[in-house]
Amino acid sequence: MIQGEEAKKLHPTLSYLVQKQSLVVPLIAVLVAFLIGSVLIALQGVNPVGAYQTIFNAALGSERGLLRTLEKTTPLILAGLAVAVALRVGLFNIGAQGQLIMGAFFATWAGFTFTNLPALLHVFVGLLAGVIAGGLWAAIAGVLKAYRGVHEVISTIMLNSIAIALLDYLVNHPFKEPGQALPRTVPIFETAQLPKLGFVPVGFLLALLVAMFISWVINRTTAGFQFNTVGANKFAAAYAGIKIKYIVVASMLLSGGLAGLGGAVESLGITYRFEPAFNKGLGFDGITIALLARANPLATIPAAFLVGVLRSGAPSLQFDYGIEPEIVDLLLAITLLLVAAPILGKLIFRKYAKKSETISSGWGS
Amino acid sequence: MSKFLTRHQKPVLWTLLVVFIAYGFYFWDSVRTTSILNFTLSYALPLILAAMVGIIGERSGVVNIGIEGQMLFSAFVAFFAAAATGSLIMGAFLGMAAGLLAGAFLGIAAVRWEMDQIIAGVVINIVAAGITSFYYTPGKSLPAIVPRIKIPVLSEIPLLGPVFFNKSVFVYLTLIIVVVLQIMLFTSKWGLRTRAVGEYPSAADTAGINVFRTRIFNVAIAGILAGTAGAYLSLDAAGWFERGFTAGRGFLALAIMIFGAWNPLGAMAAALFFGFASGMASQLQADEVINIPQQFINMLPYVMTLVVLSFSAGKVRPPAAVGQPYKKEG
Amino acid sequence: MAPLLEVKNVSKSFPGVLANDNISLTVNAGEVVALLGENGAGKSTLVKMIYGLYPPDSGEIFINGNKVELTSPKAAIDLGVGMVHQHFQLVPVFSVAQNVALGAEKKRYGLYDSQQAEEDVAALSQKYGLAVDPAVKIEDLPVGTQQRVEILKVLYRDAKLLILDEPTAVLTPQETDELLEVMRGFAKQGVGVIFITHKLREVLAVADRVVVLRNGKQVGETKPSETDQAGLAKMMVGRSVVLDVKKELAKPKEEVLRIEKIVVKDDRNLIGLNELSLSVKAGEIVGIAGVEGNGQRELVQAITGLRKIEAGKVYINNVDATDSSPYQVHKMGVAHVPEDRERDGLVASYSIADNLVLNRFTEAEFSKRGVRQVEPIKKLARFLVEKFAVKTPSIETNAGALSGGNKQKLVIARELAWGPKLLVAAQPTRGVDVGSIEFIHNQIVQARDNGAAVLLVSAELDEVLGLADRVAVIYAGKIVAELDAAAADRNKVGRLMAGGDTN
């Protein structure tokens, strides 16, 4: 807080920026990443202004584009929340991807298995199946962390690979759509489909509500206080009588549940079936989003929207200019680098820069 | 020699036992035994190198979760450099240089910027995936395959000869690196200082050792080994490159490092064990001795990692200062 | 001849504090200079600059008359400066010889020569009478021996100027006397010694000259022959201080804490408490005296639910509290002032208000149906900050921004606010300024007078002897003696602390 105190002596505008640097730095990071990206695009022999215009036009310029963008944004918000919630407890859930596809599959499964359910109930059952699948999948990592001391970064990565192999088996063998060459499931019943309101998918509204709810839980409830305390200082948390092991498992359950919900919303609202090729990379974008949002639940919404715009608009780049849509991966990677490394903050705010937060403490605990 | 034997009784006995059993199987079925062991070694090789990267980093107090990305980036650079220059040596060299670069980044981010080491590693992975997937161009091929070098006499030994002594330069290099690292870590001045920096950095600092420089140097040098692993993967083991090519080996390597209790030889044994288990499962599957869907065979190393870690994570002790940026008090 | 060390007008500031303001210091070969000051007076900052750990903002340092730039410990070591640190700088998993040689290794065949190092250390320890086995791992050595290794480390590098930063904090009175002897011995051999302490008795016993620092400023220089304890104390604090705690005779009532033969393991899975038994009654302060590392930490953690009890029983108000969780123990009426407040007692990134309810956030007043009640929390915070005189701009300030003394007041406020039945206070005044020490001592005595049972654990023998109504001496995980405060004198307790008997 000395930083804050000293900052008060500065010019009021400057002081305001210093106080809000967890907002300012990500914004500038995005801008700088776009600048670097434009150089890279120019190196490919393409006018960067035109390229960016194409992306934003395709993503936001039409109702169809907007729908697609919001559809992309929806699971990203939830994946970002998943990573952010775990970060609050000092856990780095790299396995949002695995939890998300588990959720996507089991929501689909509920969607094509239960018959004769009323529409609203069927959707609910589908979403719940996704939440439970994702939550339990992440809880494995939580239990391993709390009771066996296995670092969550390793275990969640292993669980990602296991989930991919497991689902590959399920869609190739027991749940393969009969008479299909592609490994995929049958479609879900219409009763399990999430509807759209114009260009706004219902899943998107659901994701917004969930983000607000999580924000409230983290900032206003006793449960959130325990999460934050374990994340901020686990020794003090133990001293204060918080059951750390329990919190670790519970937070992973919640984190995985959110990722699973992301997969479920995708299955029930967009793809209507499960196919391994569908949800690639969403979980990893979740990491970028959570770090861009500085683990603030509400901030995952704009962060996810940005990523959603890029992901939604990028395919047109290939169409118009022959630039691979993977440019987005590169752009996001540069953004993440600039957000996560304290370079920008130090460059802009000098001695007033906030220290980067430490979340890991090695493998021991 | 006798001192070595008494001090390392257990590992020596285990090695002898493994060799004995291997020959037992060899005389029973020489073709299959040789093929399984060949598979074991080629599977284990990148894991061994990657585990060395992890060991050097953690022994100096820096977690390297970015090995995966370092390898991916190096494999990419090695492959396309070799394809572009028409020289495997150039490819390997530039691959290692790419590893050095990625290693140096982690060192500087973790030490100079005091960035969270895990986040820094994840950033490396994501940036490497971003670069390699954007700049990936299909349809390129290598100018040649990496030659096998037959070691005279040794390569004539049954079983051991074809498995260990008729291999590419990468295999010999890796075996040498493991042995040298084992010796350096525990009996050299560098090793003593490195371990001090990883165990109790302020003690090293007050004894006149530059903690920051030691850490950055070690993590960067380890990057060269990650580069070697990447070059091996794309130039030798596969002969091609594709997106997401390293397939999680960098993470398996960290588990192997823990399983091997942060010892180079221990990690090598763990990697060989992983390779053997996978090779055995594939062989049994191919022979229709067991009938398990391929996906479950693919899962094996990951499940093994979880099982192994949940039984060893609490038992072996990591270097005490791993993951913590060193700050001078004030 | 130029003095061994000359520090001229050195200043050093850290964000928010001026740690050293224009300090000058001279040390001649063969003399012991005591650097005296309270916690936070700037003693450590000054010597860390002399040892190259951080650069001065301004001012000059001369060694043997030559101006020097001490940019790193290595530069200082090369110029003959050696330092024994307050927190031992030893790698626990290394042997004694490895620790001594580290940074100054001798090589054979290009590798570290462990045999040579062990021989050298053996020779050194023989020469200076600092007995230690060079092949043993540091983590297997008692604290007193570890300090010998620290000194050997410095001697191995041929130091001409030896800095000892609070070296007696971890020693028994007898070990302290021995160390003072060793220091005189070094001086006799022509070594210059800087001795940092805040213990007046030691200064008077060993120093040739005394330099006193207060709030980062040099307030004076004197000789032991020209002053006494009261004089030194006044210089150090800037006003006359009450060295003794004023309190009535204790009126012990019913038993609150009863410990029956508990066995507890330490961090290394070895026996930390060995069938320890102890009883504390309402209205009395029981002080635990002992050299650090004899089970004090394990005892506190076992009572407060932070460490597993392998065997034996703990009763609080006659209710079995063995292996209860910290939450349950708290609910039984136990307050805990932890030894390491920065690590265990506070969340630095939380506001003062949140820290004041850190272990009470589930109480009905502060949480309704799982939702935090912000206003009642703030109300409590404002009340406690006022009552316990915590110096802070507001209750929204992060706890991490407070000074050591105010952080400790914050912890004390939280723990005493709700009228606990048992107070377990570990190192309650460590790293705290004199003003806060007086305040905290008075609070502890007041808690006792209000009927609480108090278990006081402190590494400062003076604090234990001054505050406790009954002194229990801990050694090797056992209470080896219990003495009435009136019967407990330094020498007797000191011998018991070292494992000897009273006769």
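About the thresholds
- Residues numbered from 1 in each chain as written.
- Chains lettered and ligands numbered in written order.
- Predicted model: local features only at pLDDT ≥ 70, side-chain atom pairs only at ≥ 80, totals over all residues.
- Heavy atoms only, no water.
- Helix = DSSP H or I, 4+ residues; strand = E, 2+ residues; numbered from the N terminus.
- Buried < 20%, exposed > 50% of the residue type's maximum accessible area, 1.4 Å probe, protein only.
- Contact = heavy atoms within 4.5 Å.
- Areas by Shrake-Rupley, 256 points an atom, 1.4 Å probe, with all protein chains shown as cover.
- Lys, Arg positive; Asp, Glu negative; His and termini not counted.
- Charge placed at Lys NZ, Arg CZ, Asp CG, Glu CD.
- Rg over C-alpha atoms; globule rule 2.2 N^0.38 Å.
- Salt bridge = Lys/Arg side-chain N within 4 Å of Asp/Glu carboxyl O.
- Phe/Tyr/Trp six-rings, centres within 6.5 Å; stacked < 30°, edge-to-face > 60°.
- Buried area = accessible area lost by both parts, 1.4 Å probe.
- Polar contact = N/O pair within 3.5 Å; in protein donor to acceptor, adjacent residues only side chain to side chain.
- Core = buried A, V, L, I, M, F, W, Y, C linked by side-chain atoms within 4.5 Å.
- Expected span 1.5 Å × (residues − 1).
- 1 Å grid on protein atoms, 1.4 Å probe; cavity = no way out; pocket = protein on both sides within 12 Å on 5 of 7 lines; lining within 4 Å.
- Points joined across faces, edges and corners; volume = space filled by probe spheres on them.
- Nonpolar A, V, L, I, M, F, W, Y, C, P; charged D, E, K, R; others polar.
- Pairing = 2+ DSSP bridges.
- Axes fitted to C-alpha atoms, helices over the stretch in contact; angles between N-to-C directions.
- Domains from an automatic or database assignment.

Draft legend 1. The arrangement of the overall build of chain B in detail. Broken down by element type, chain B carries 14 helices and 2 strands. A principal-axis box enclosing the C-alpha atoms of chain B has dimensions of 65 × 55 × 40 Å. Here chain B holds 330 residues, and the buried ones make up 55% of them. Long-range contacts, defined here as pairs at least 24 residues apart, represent 74% of the contacts in chain B between residues at least 6 apart. A total accessible area of about 13,700 Å² is found for chain B, and carbon and sulfur atoms account for 70% of it. On chain B, the mean spot of the 21 positive side-chain charges and the mean spot of the 13 negative ones are 9 Å from each other.

Draft legend 2. Quick look at the overall build of chain A. Looking only at helices and strands, chain A features 16 helices and 2 strands. In terms of C-alpha radius of gyration, chain A reaches 21 Å, essentially the compact-globule figure of 21 Å for 365 residues. Expressed along its principal axes, the backbone C-alpha trace of chain A runs to roughly 70 × 60 × 35 Å. Residue pairs in contact within chain A that sit at least 24 positions apart in sequence constitute 76% of those at least 6 positions apart. Of the roughly 14,500 Å² that chain A leaves accessible, carbon and sulfur atoms contribute 67%. Chain A carries 25 positive and 16 negative side-chain charges, and their two centres are separated by 13 Å.

Draft legend 3. Seen up close, the pattern of salt bridges. Counted under the stated rule, the structure contains 47 salt bridges over all chains. A:R184 serves as the salt-bridge partner of A:E177, at 2.8 Å between the closest nitrogen and oxygen. Judged by relative accessible area, which is 14%, A:E177 ranks as buried. Among the residues examined, A:R184 registers a relative accessible area of 16% and is labelled buried. With a shortest N-O distance of 2.6 Å, C:E31 and C:R209 are connected by a salt bridge.

Draft legend 4. Spatial organisation of the packing of aromatic side chains. Taken as a whole and judged by the stated rule, the model has 31 aromatic pairs over all chains. Centroid distance B:F170 to B:Y232: 5.7 Å. Interplanar angle 65°. Geometry classified as edge-to-face. Of the two residues, B:F170 is situated in helix α8 (residues 169-187) and B:Y232 in helix α11 (residues 211-238); the sequence distance between them amounts to 62 residues. The buried category is assigned to B:Y232, whose relative accessible area is 5%. Look at C:F14 and C:Y54: their rings are 5.2 Å apart centre to centre, the planes differ by 80°, and that puts the pair in the edge-to-face class. Placement of C:F14 in strand β1 (residues 5-14) and of C:Y54 in the loop between α1 (43-50) and β4 (58-63) is noted, with a sequence separation of 40 residues between them. Assessed through its relative accessible area of 16%, C:F14 is described here as buried. Classification of C:Y54 by relative accessible area gives buried; the value is 10%. Grouping aromatic residues by their ring pairs yields a cluster made of A:F105, A:F106, A:W109, A:F112, A:F114, A:F175 and A:F274.

Draft legend 5. Quick look at the interface of chain A and chain C. On the side of chain C, 30 residues touch chain A, which itself brings 20 residues to the contact. Taking both sides of the interface into account, the surface hidden between chain A and chain C amounts to around 2,100 Å²; carbon and sulfur atoms contribute 67%. Viewed at the interface, chain C and chain A are joined by 0 salt bridges. Counting across the chain A and chain C interface gives 11 residue pairs in polar contact (both at pLDDT 80 or more).

Draft legend 6. Focus on the nonpolar core. In this structure, A:F92, B:M52, B:L235 and B:F241 are the most contacted members of the largest nonpolar core, which totals 202 residues. With 13 residues, the single largest contributor to this core is helix α8 (residues 152-172) of chain A. Excluding its chain neighbours within four sequence positions, the residues that come into contact with B:M52 are B:I177, B:V178, B:L181, B:L225, B:P264, B:A267 and B:M268. Ranked by size, the runner-up nonpolar core spans 64 residues in total, among them B:L192, C:V93, C:A97 and C:L232.

Draft legend 7. Layout of the interface of chain A and chain B. If you look at the interface, chain A gives 51 residues, while chain B gives 46 residues. Across the interface of chain A and chain B, roughly 4,000 Å² is buried in total on both sides, 77% from carbon and sulfur atoms. Where chain A packs against chain B, one counts 2 salt bridges. The salt bridge involving B:R243 is made with A:E324; its shortest N-O contact spans 3.5 Å. At the boundary of chain A and chain B, one finds 4 residue pairs in polar contact (both at pLDDT 80 or more).

Draft legend 8. Highlighting helix α5 (residues 143-156) of chain C. For α5(C), with 14 residues, the first-to-last C-alpha span of 20 Å sits near the 20 Å given by 1.5 Å per residue. The element α5(C) is largely enclosed, with a buried count of 12 among its 14 residues. For α5(C), every residue scored as buried is listed here: C:G144, C:T145, C:Q146, C:Q147, C:V149, C:E150, C:I151, C:L152, C:K153, C:V154, C:L155 and C:Y156. Contacts made by the buried residues of α5(C) are with α10 (201-206) of chain B together with β6 (81-84), α3 (96-101), α4 (114-128), β9 (161-165) and α6 (173-188) of chain C. Of the residues one or two after α5(C), C:D158 is the one with positive phi, at around 60°.

Draft legend 9. View of empty space enclosed by the protein. Counted under the stated rule, the structure contains 3 cavities of 30 Å³ or more. Quantified by volume, the largest cavity comes out at close to 110 Å³. A:Y239, C:T304, C:L306, C:P326, C:V329, C:H330, C:V334, C:A335, C:H336, C:N359 and C:E415 are the residues that line the largest cavity. Looking at the lining of the largest cavity, the elements that each hand over two or more residues are α10 (326-331) and β18 (334-337) of chain C. Here the residues of the lining of the largest cavity sort into 6 nonpolar, 4 polar and 1 charged.

Draft legend 10. Structural detail: the sheet that holds β18(C). All names here are of chain C. Ordered by their spatial adjacency, 6 strands build an open sheet running β18-β21-β22-β15-β23-β24, and the pairing between neighbours is mixed. The outermost strands of the open sheet, each flanked by one partner alone, are β18 and β24 (478-484). The sheet shows a mean angle of 20° between the axes of neighbouring strands, taken without regard to direction. Here strand β15 (residues 285-289) pairs with strand β23 (residues 470-475) via 4 bridges, running parallel. Bridge pairing links G287 to V471 in β23. Of the strands in this sheet, β15, β23 and β24 are in contact with helix α17 (residues 490-497), which crosses β23 at around 30°.

Draft legend 11. Region of the structure containing the pairing of β6(C). All names here are of chain C. Alternating residues of β6 divide into V81 and M83 and G82 and V84, and every residue in both groups is buried. In this sheet, β9 lies alongside β6 in parallel orientation, the contact comprising 4 bridges. Bridge pairing in β9 places G82 opposite L162.

Draft legend 12. Seen up close, the domain arrangement of chain A. Residues and elements named next belong to chain A. By domain assignment, chain A separates into domain 1 (1-46 + 326-358) and domain 2 (56-322). For domain 1 versus domain 2, the separation of C-alpha centres amounts to 27 Å. Contacts between domain 1 and domain 2 engage 14 residues on the former and 13 residues on the latter. Of the roughly 1,300 Å² buried between domain 1 and domain 2 on both sides combined, carbon and sulfur atoms contribute 78%. Looking only at domain 1, the three residues that lose the most surface to domain 2 are V328, L332 and L336, adding up to 37% of its buried area. On the surface where domain 1 and domain 2 come into contact, there are 1 salt bridge. Of the charged contacts, one joins D329 and R311 as a salt bridge, the two residues approaching to 2.8 Å between their closest N and O atoms. Those elements that place two or more of their residues in the side of domain 1 that touches domain 2 are α3 (21-43) and α15 (327-340). Partitioned by chemical class, the residues of the side of domain 1 that touches domain 2 number 11 nonpolar, 2 polar and 1 charged.

Draft legend 13. Geometry of the environment of A:K72. Residue and element names in this part refer to chain A. As for its placement among the helices and strands, K72 is situated in helix α5 (residues 63-88). Put simply, K72 and K20 are 52 residues apart on the chain and 29 Å apart in space, counted from C-alpha to C-alpha. Ignoring sequence-local partners within four residues, the contact set of K72 consists of G308, R311 and S312.

Draft legend 14. Quick peek at the side chain of A:H151. All names here are of chain A. Within the secondary structure layout, H151 lies in the loop between α7 (119-148) and α8. Among the residues examined, H151 registers a relative accessible area of 6% and is labelled buried. Among the polar contacts made by the side chain of H151, one reaches the main-chain amide nitrogen of V153 at a distance of 3.1 Å.

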